[in-house]
Amino acid sequence: MQGAALLLAALGISGGLGISGLLVLTQLPPLPECQTVSTASADVEQLHCAREAARGGDLPGLLAAMTLAGSWTDRHPLYAESQTLLATWSQAALDLARKKYSESDMQGAISIAQAVPTNSSLYAEAQTLIATWNNEWQDGEAIYATAQDALKAQNWTLASEQITELGKVSNPYWAERRMAELTDQVVVEQEAWKTLQAARNVATGATPDALRGAIAQILTINPQTHVWQAAQTELQAWSTGLAAVALQRWQAGDIEDAYDLGRQIPLEVALPAESQHLVLVSHAHHLSQWDSQLDWQPSIPQMVKLREAIAALRTIPLNSRFHPTAQALLQSGEAQLADVAQLNYAQALAALGQRATLEWAMAQASLVERDRPRRIQAQTLIDHWQQEIQRIEDMPLMARAYELAQPGTIADLNAAIEAAGQVPQTRALWAEAKGAIDTWTAQIQTLEDRPILTRAERYAADGNLARAVREARTVQPQRALYEEARAAIRQWQIELDRVRMADDRKVLDEATALANRNRLTQAINIANQIGGDRPLHGEAQRAIAQWDAQRAALWQQWEADGAEPSPRSESSAPSSEPIEPSPTPEAANPSPEPSRPVVTPPPPEASTIPLYPNP
């Protein structure tokens, strides 16, 4: 029994070893670590890592994978598998190359296409693409060169034709980018040529002003144009002539005029030594000038200009007649440079915006003494910073005033006005305080007067225009709503006059009808109802004068004929005024003219409102 047990144990051990060996044989080998794979690693590991590198589709991974697969010949055991992969990778690389080409990256596209190995099935396609792209590039270069030659010769027609030709090139770099550039260039060259022609016309006067004007025009030409190169000969000649005149002015003692002419000449123009020195001095003199109104704040550009002036002055040799002048300007420029540097430091302190730093900045600026060239600038800055300190001190008053005004009631606005009024008129914030006070005062007046205009508008809407006008007129001049009230009054008065004119027309038509029937006295009495403030008063008065003249003529005729006037009612006319008889004996006997009381015009406040009352 014991022997049988040992036999079974032995069989069990041997069976377990067999199973373990089978598992080892059938299990996949572990994947390699691609970070550690090198050319010394197994080819299968290299191919695996190449496949992983190319999987992302990025250019470095594709190039590395193609390089590996391209190095294996048809005798390599992995050649067949690598060729399939190489075709895929080559296609992906060419897609990237085409994308580069469409983005106008010609060199990048060709570089990628050239990386396709010779043993790739897409090698021929890659070479064809490279040849096509090179041909298209050469076509574009030839067209562009033709355009540049045409522009140099001012052959605008030929240059414009090349724009169209570029649009036909398949390469987007030439068909899009360079075509757009050429289009702009043709326009710029044409404008530059017009400028040169205008400069030539100006220079024909040959006077200093003509030369200066011609040079100024040429300097507006874009230096990148072909026209600029063509203009250099004339620029040289005109500059030489103007420098000669400037030198004459200098010799005659007209220094400022010589400076003014000399600085019109570009420094780049080669001139005789003496003329060149005058131009240098002129430019340096101009650079060292500053406007206390415009350039009151120190700046880096001011320092740059002074450094340029100093550098130019230092180039003038000792044996030049302009050396003493250059030394004087040099001394002034260096002093200005020191002052501007000091003021720049002070301004940097003031920029921190605190009262302490502002006072420190003022102390630094005061170091620029009275005899220094930038003393005025320093004093201007000190005054400015003093005002900034005043603003810091008074800002709490204004902040309190703004806070009080926030609710917007009359009481709050009056409190805000009182608070803002505490800012003295001599302080920097007074202008802001005064503006705020004026704004709040207008708001108070608006709150007070708005109900008046609202009532007036309600009266007008109800048709009571006269009362609307009287109500709106209570808004006094110099009040916030005064102009609005006057505009409303004008509108209502126009409507009121229209209504009154219609009423007056009825009265005047009635009087005219009576006058036409020779009832002149009645006509006059009715027309007199149109008062002096009515729209048709003038027309009524002219009619009354005409009728009165007609009546007087009739009376004179009666007196001449010895006729007795008929008695008339006392209420129709004054006692001394006879009434006219019928004009002809043949006329039917009309009924006696009825008496009509003279209507006294109503008081002004009930009948009329002047359009433009006295303020």
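What comes next concerns the included structure. Note that the structure is a prediction, hence the values are computed from the model and not measured.

Secondary structure summary: the chain contains 23 helices and zero strands in total. Looking at the chain as a whole, 38% of its 615 residues are labelled buried. Considering only contacts within the chain whose residues lie at least 6 apart along the sequence, 61% involve residues at least 24 apart.

An α-helical segment advances 3.6 residues per turn. Residues three or four places apart therefore align on the same side. Between its first and last C-alpha atoms helix H10 (residues 226-251) spans 38 Å; for 26 residues at 1.5 Å apiece the expected length is 38 Å, and the two agree. Along H10, the sharpest kink reaches roughly 40 degrees, centred on glutamine 232. All of the buried residues along H10 are Val227, Trp228, Ala231, Leu235, Trp238, Ser239, Leu242, Ala243, Val245, Ala246, Leu247 and Trp250. Contacts made by the buried residues of H10 are with helix H8 (172-203), helix H9 (208-218), helix H11 (255-262), helix H12 (273-287) and helix H14 (323-350). Trailing H10 by a residue or two, glycine 253 shows a phi angle of about 90 degrees, which is positive.

Turning to the nonpolar core, a few remarks are in order. In this structure, Ile218, Trp238, Val281 and Leu313 are the most contacted members of the largest nonpolar core, which totals 44 residues. Elements with a minimum of two residues in this core: H8, H9, H10, H11, H12, helix H13 (300-313) and H14. Among the elements that make up this core, the one with the highest residue count is H10 (11 residues). Residues Val116, Leu122, Ile143 and Trp174 belong to the second largest nonpolar core, which totals 30 residues.

For the rest of this paragraph, the subject is the packing of aromatic side chains. Counted by the stated rule, this structure contains seven aromatic pairs. When the ring of tyrosine 144 is compared with that of tryptophan 174, the centres are 6.0 Å apart and the planes differ by 55 degrees; the resulting orientation is tilted. Here tyrosine 144, found in helix H6 (residues 123-152), pairs with tryptophan 174, found in helix H8; they are 30 residues apart in sequence, far enough to count as distant. Of the two residues, tyrosine 144 and tryptophan 174, both sit in the buried class.

Residue classification places tryptophan 174 among the buried positions, given a relative accessible area of 3%. C-alpha of tryptophan 174 to C-alpha of glycine 140: the two residues are 34 residues apart in sequence and 5.8 Å apart in space. Contact partners of tryptophan 174, with chain neighbours within four places excluded, come to Glu136, Trp137, Gly140, Glu141, Tyr144, Leu166, Val169 and Met179.

The subject of this paragraph is helix H16 (residues 375-405). Between its first and last C-alpha, H16 extends 43 Å over 31 residues, near the 45 Å set by a 1.5 Å rise per residue. In the structure, H16 departs most strongly from a straight axis at aspartate 394, where the bend amounts to approximately 45 degrees and where the proline proline 396 lies between one and four residues downstream. Regarding H16, the residues found buried are Arg375, Gln377, Ala378, Leu381, Ile382, Trp385, Ile389, Gln390, Asp394, Met398, Ala401 and Ala405. For H16, the secondary structure elements touched by its buried residues are H13, H14, helix H15 (355-365), helix H17 (410-420) and helix H18 (430-461).

Before going further, it helps to spend a moment on unusual backbone geometry. Negative phi is the rule for most residues except glycine; trans is the rule for most peptide bonds. Phi angles above zero are rare outside glycine, and alanine 206 is one such case at about 60 degrees. Assignment of secondary structure puts alanine 206 in the loop between H8 and H9. In this structure alanine 206 comes out as exposed when scored by relative accessible area, which is 55%. Although it is not a glycine, asparagine 518 adopts a positive phi angle of roughly 65 degrees. Secondary-structure assignment places asparagine 518 in the loop between helix H20 (482-516) and helix H21 (520-527).

What counts as what
- Residues numbered from 1 in each chain as written.
- Predicted model: local features only at pLDDT ≥ 70, side-chain atom pairs only at ≥ 80, totals over all residues.
- Heavy atoms only, no water.
- Helix = DSSP H or I, 4+ residues; strand = E, 2+ residues; numbered from the N terminus.
- Buried < 20%, exposed > 50% of the residue type's maximum accessible area, 1.4 Å probe, protein only.
- Contact = heavy atoms within 4.5 Å.
- Expected span 1.5 Å × (residues − 1).
- Bend = angle between axes of the 7 residues up to and from the residue.
- Core = buried A, V, L, I, M, F, W, Y, C linked by side-chain atoms within 4.5 Å.
- Phe/Tyr/Trp six-rings, centres within 6.5 Å; stacked < 30°, edge-to-face > 60°.

Function cannot be inferred from these measures alone, as they are strictly geometric.
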